[in-house]
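# Inside the fold
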Amino acid sequence: MKIACITFLVVVLLTALASGQIVSNSIKGFTEPFRSIDIAAAEAGTISAIAVQEGDHVQADTILARLNEDVLDASLAIASESRQAKGKLNLALAELHMQQERFRKLSGLFERQHASQTEIDRAKAQLDIARAQVESVRDDLCLKELEINRVEAQLEQRRLRSPIEGVVNRIFKDVGEFVSANDPVVVNVVQLDPLLVIFSVPREQARKLKEEQTIVLALGTERHPVDGFIEFVSPTADAQSGTCRVKIRIDNPDRQWPSGVVCHLDTRTTAAIATTPLLDKSSDLVIENRSPSWTQ
């Protein structure tokens, strides 16, 4: 008899759910990092240093790890010394000065008819050669400068920097390990301010949401009300579930809320937003609704 009663109650409950008489107004999601970036080495090599630890807060452009740079350091030293070497340039300038003086003197003799046209032409040719030698040496020095820039760029490729301000979530390699093209990821950095929540919202409710709107969410087991800013509403719905992806951003300046906290979206809030007229896109204001009713 007791089993029959329980079975009857289950059937009634399932029937009510199927007919829509009992509908939950709360959609559950979980907070996650706004961005999670796997930082990979641009080329293969052996890790020579890890500059951070898991849990460290890092600024953008902070060096997280380095690959071995010994060969490139030597190449940079050679290129720097070559750029500083002025011997060839000084020699070419001295030769140019000598040919200029010779040509000037021969020109004076030629005007007084004490030198032939052949001597003048030969002096002119030697002067042109001396000028070309000076330009050639200067071109070589410019190439040395470019060589230095190339080596410095290669060195930079072997330094893994954080592209964002965030927290070091995981370190995949250790000092001495080899980083290959098939497994280049060394460090994972996450951005926890702001946080991101992705909800699967029924299509009818999702159509009422607009990007850049503000909506109130219930965060944590205590359902603490927080403002969420709609980042993205998918224009397409999943064919099986009939839901659309909605991304909502939650400001978290003090990192009060960690990643992985349960978050609730009340679908009745979307109805309230739908009845509120949209503001002009040029305005900096957004639509807010701060009085939702949370289902327990």
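Residues numbered from 1 in each chain as written. Predicted model: local features only at pLDDT ≥ 70, side-chain atom pairs only at ≥ 80, totals over all residues. Heavy atoms only, no water.

### So, the environment of E135
Tracing the backbone shows E135 in helix 4 (residues 117–157). Sequence spacing of E135 and L93 is 42 residues, and the spatial spacing of their C-alpha atoms is 9.7 Å. (Helix = DSSP H or I, 4+ residues; strand = E, 2+ residues; numbered from the N terminus.)

### Points about helix 2 (residues 70–84)
Over its 15 residues, helix 2 runs 21 Å from end to end, which matches the ideal 21 Å to within 8%, given 1.5 Å per residue. Those residues of helix 2 that are buried are in contact with helix 4. (Expected span 1.5 Å × (residues − 1). Contact = heavy atoms within 4.5 Å.)

### Topic: the packing of helix 2 against helix 4
Remark: helix 2 packs on helix 4, axes separated minimally by 9 Å, with the N-to-C direction vectors making an angle of 160°. Here helix 2 is positioned roughly antiparallel relative to helix 4, judged by the angle of their axes. Note on packing geometry: the crossing formed by helix 2 with helix 4 is left-handed. Across the interface between the two elements, L72, D73, S75, L76, A79, S80, S82 and R83 of helix 2 pack against L141, K144, E145, E147, I148, V151, E152, Q154 and L155 of helix 4. Of the residues that constitute the contact of helix 2 with helix 4, the class distribution is 7 nonpolar, 4 polar and 6 charged. (Axes fitted to C-alpha atoms, helices over the stretch in contact; angles between N-to-C directions. Parallel < 35°, antiparallel > 145°, perpendicular 65-115°, else oblique. Left-handed = near helix turned anticlockwise from the far one by under 90°. Nonpolar A, V, L, I, M, F, W, Y, C, P; charged D, E, K, R; others polar.)

### Considerations on the nonpolar core
F199, L217, V246 and I250 are the most contacted members of the largest nonpolar core, which totals 24 residues. Of all elements in the fold, only strand 8 (185–202), strand 9 (214–219), strand 10 (224–233), strand 11 (243–250) and strand 12 (262–266) reach the threshold of two or more residues within this core. If one sorts the elements of this core by residue count, strand 8 sits on top with 6 residues. Formed by 15 residues, the second largest nonpolar core is a distinct cluster that contains I39, I47, L67 and V186. (Core = buried A, V, L, I, M, F, W, Y, C linked by side-chain atoms within 4.5 Å. Buried < 20%, exposed > 50% of the residue type's maximum accessible area, 1.4 Å probe, protein only.)

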